[in-house]
Amino acid sequence: MAAVEYREEDGVLWVKFNRPEALNAINKDFVKGLREVVDYARNNKTVRVIVLTGEGKAFCAGADIKMFSESSHFVARSTIEELGKVLEEMEDLEVPVIAAINGFALGGGCEIAMACDIIIASERASFGQPEINLGIIPGAGGTQRLARIVGWKKAMELCLTGERISAEEAYRLGLVNKVVEHDKLMDEAKKMAEVIKSKSPYAVMLVKQAVNRGFKMGLRDGIMYERDLFALSFSSPDAEEGIKAFVEKRKADFRRE
Ligand code: HXC
């Protein structure tokens, strides 16, 4: 069985981490699977939204600790480095990625979630960067994305203590977009995917680029970058259609390609 399974249905790429016996821990096959997903989304323009979730009681419990103890230092390190690259590419995809967090999102699992564009959490989900308990530190954005999302001091606390936080606490910190009943998680993810799918694919891509790339710039550069992307969006056929549809009091029919 593949560590990462995926299927495309009506423009949504449904991805499931599938090593439940190891709480979907990240090994070489897992990273290979995630890379395949990113490549698939890049090469198949029918994909409009990606949804990631996990089988069983974890979204992902982080790097496979057994891999650290059983493989050479080189294999473990190159796997983590490859994961970091895949996450950056995922952030840079044209289509949004929704993380539907069904349970534990720890270490690398929390880092994968943070590289997604929207995080919807089951009330059973929990988050944390417990690497410190293993005598190591986060290696795929845990000290960096986390600090930018929840703030400098809270990220410091979470990484120094390895403390696990509930979905509610993660929501309060701005780490997740919404918390839902466990049984409604995938319905909520689908609803969000449908909303995004109804928009202009071109405008969706530009929003994702403006927010994600702008987030890594200073404010002034970010504002200038946004202005350029705004000009691009304004001259697109979808803008013509969206504005015309508003004036004609009808639903816009955006391009699908
Ligand atoms: C390998 C793991 C694992 C992991 C759980 N398992 N997490 N195997 N790597 N990260 C395995 C357990 O060994 C066990 O296997 C089975 O999954 C079920 O786990 P339990 O511990 O029995 O479940 P539970 O008591 O519910 O506890 C859940 C848990 C705990 C709190 C999530 O498993 C845990 O603390 N896991 C480690 C989390 C962690 O430290 N993650 C950070 C990893 S480092 P058996 O065979 O015994 O049934 C990291 C570095 C990031 O992520 C670098 C960039 C990616």
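Below you will find a few notes about this structure. Predicted model, so just to flag it, every value in this text is computed and none were measured. (Residues numbered from 1 in each chain as written. Predicted model: local features only at pLDDT ≥ 70, side-chain atom pairs only at ≥ 80, totals over all residues. Heavy atoms only, no water.)

Looking at the overall build of the chain
Turning to step 1, where the next piece is worked out: On a plain count of helices and strands, the chain comes out with 11 helices and 10 strands.
Turning to step 2, where the next piece is worked out: Taking 18 Å as the expected radius of gyration for a compact globule of 257 residues, we find that the chain reaches 19 Å, a close match to that expectation.
Turning to step 3, where the next piece is worked out: Counting across all 257 residues of the chain, residues that qualify as buried make up 47%.
Turning to step 4, where the next piece is worked out: Carbon together with sulfur atoms contributes 56% to the accessible area of the chain, which is approximately 13800 Å² in total.
Turning to step 5, where the next piece is worked out: In the chain, 37 positive and 40 negative side-chain charges are present, and the distance between their average locations comes to 2 Å. (Helix = DSSP H or I, 4+ residues; strand = E, 2+ residues; numbered from the N terminus. Rg over C-alpha atoms; globule rule 2.2 N^0.38 Å. Buried < 20%, exposed > 50% of the residue type's maximum accessible area, 1.4 Å probe, protein only. Areas by Shrake-Rupley, 256 points an atom, 1.4 Å probe, with all protein chains shown as cover. Lys, Arg positive; Asp, Glu negative; His and termini not counted. Charge placed at Lys NZ, Arg CZ, Asp CG, Glu CD.)

Regarding a nonpolar patch on the surface
Turning to step 1, where the next piece is worked out: Together, F230, F234, I243, F246 and V247 line one region of the surface with nonpolar side chains, adding up to about 620 Å² of accessible area.
Turning to step 2, where the next piece is worked out: When residues of the nonpolar patch are traced back to their parent elements, those giving at least two are α10 (219-234) and α11 (237-247).
Turning to step 3, where the next piece is worked out: Here the element with the most residues in the nonpolar patch is α11; it accounts for 3 residues.
Turning to step 4, where the next piece is worked out: Exposure remark for V247: the relative accessible area of 64% places this residue in the exposed category. (Patch = residues over 30% accessible without salt bridge, like charges linked within 9 Å, V, L, I, M, F, W, Y side chains within 5 Å. Salt bridge = Lys/Arg side-chain N within 4 Å of Asp/Glu carboxyl O.)

Let's talk about the pattern of salt bridges
Pairing between side chains of opposite charge can happen when the charged atoms of each approach one another.
Turning to step 1, where the next piece is worked out: Following the criterion strictly, the structure yields 23 salt bridges and no others.
Turning to step 2, where the next piece is worked out: The salt bridge partner of R35 is D39, with a shortest N-O separation of 3.8 Å. Of this pair, R35 and D39 both sit in helix α1 (residues 28-43), separated by 4 residues, roughly a single helical turn.
Turning to step 3, where the next piece is worked out: We classify D39 as partly exposed; its relative accessible area is 25%.
Turning to step 4, where the next piece is worked out: Here R42 ties to E89 by a salt bridge, and the two come within 2.6 Å at their closest N and O atoms.

A closer look at the sheet that holds strand β9 (residues 165-166)
Turning to step 1, where the next piece is worked out: Strand order across the open sheet formed by 4 strands is β4-β6-β8-β9, with mixed pairing between neighbours. The open sheet has two free edges, formed respectively by β4 (58-60) and β9, since each of these has just one partner strand.
Turning to step 2, where the next piece is worked out: Two elements, strand β6 (residues 104-106) and strand β8 (residues 126-128), share 3 bridges in a ladder whose sense is parallel. Bridge assignment links A105 to a residue of β8, and that residue is F127. (Pairing = 2+ DSSP bridges.)

Quick notes on the site of the ligand
Turning to step 1, where the next piece is worked out: Around the ligand lies a shell of 24 residues, among which K57, A61, A63, I65 and G108 are the nearest.
Turning to step 2, where the next piece is worked out: The backbone of A61 places a nitrogen or oxygen atom 2.8 Å from a nitrogen atom of the ligand.
Turning to step 3, where the next piece is worked out: Protein chains bury 67% of the 1000 Å² of accessible surface belonging to the ligand in isolation.
Turning to step 4, where the next piece is worked out: At the level of elements, α2 (65-70), α3 (73-92), β6 and α4 (108-114) are the ones that each hand at least two residues to the shell around the ligand.
Turning to step 5, where the next piece is worked out: Across the shell around the ligand, the residue classes break down as 13 nonpolar, 4 polar and 7 charged. (Near = heavy atom within 4 Å. Polar contact = N/O pair within 3.5 Å; in protein donor to acceptor, adjacent residues only side chain to side chain. Nonpolar A, V, L, I, M, F, W, Y, C, P; charged D, E, K, R; others polar.)

Just distances and angles here, no functional claims.
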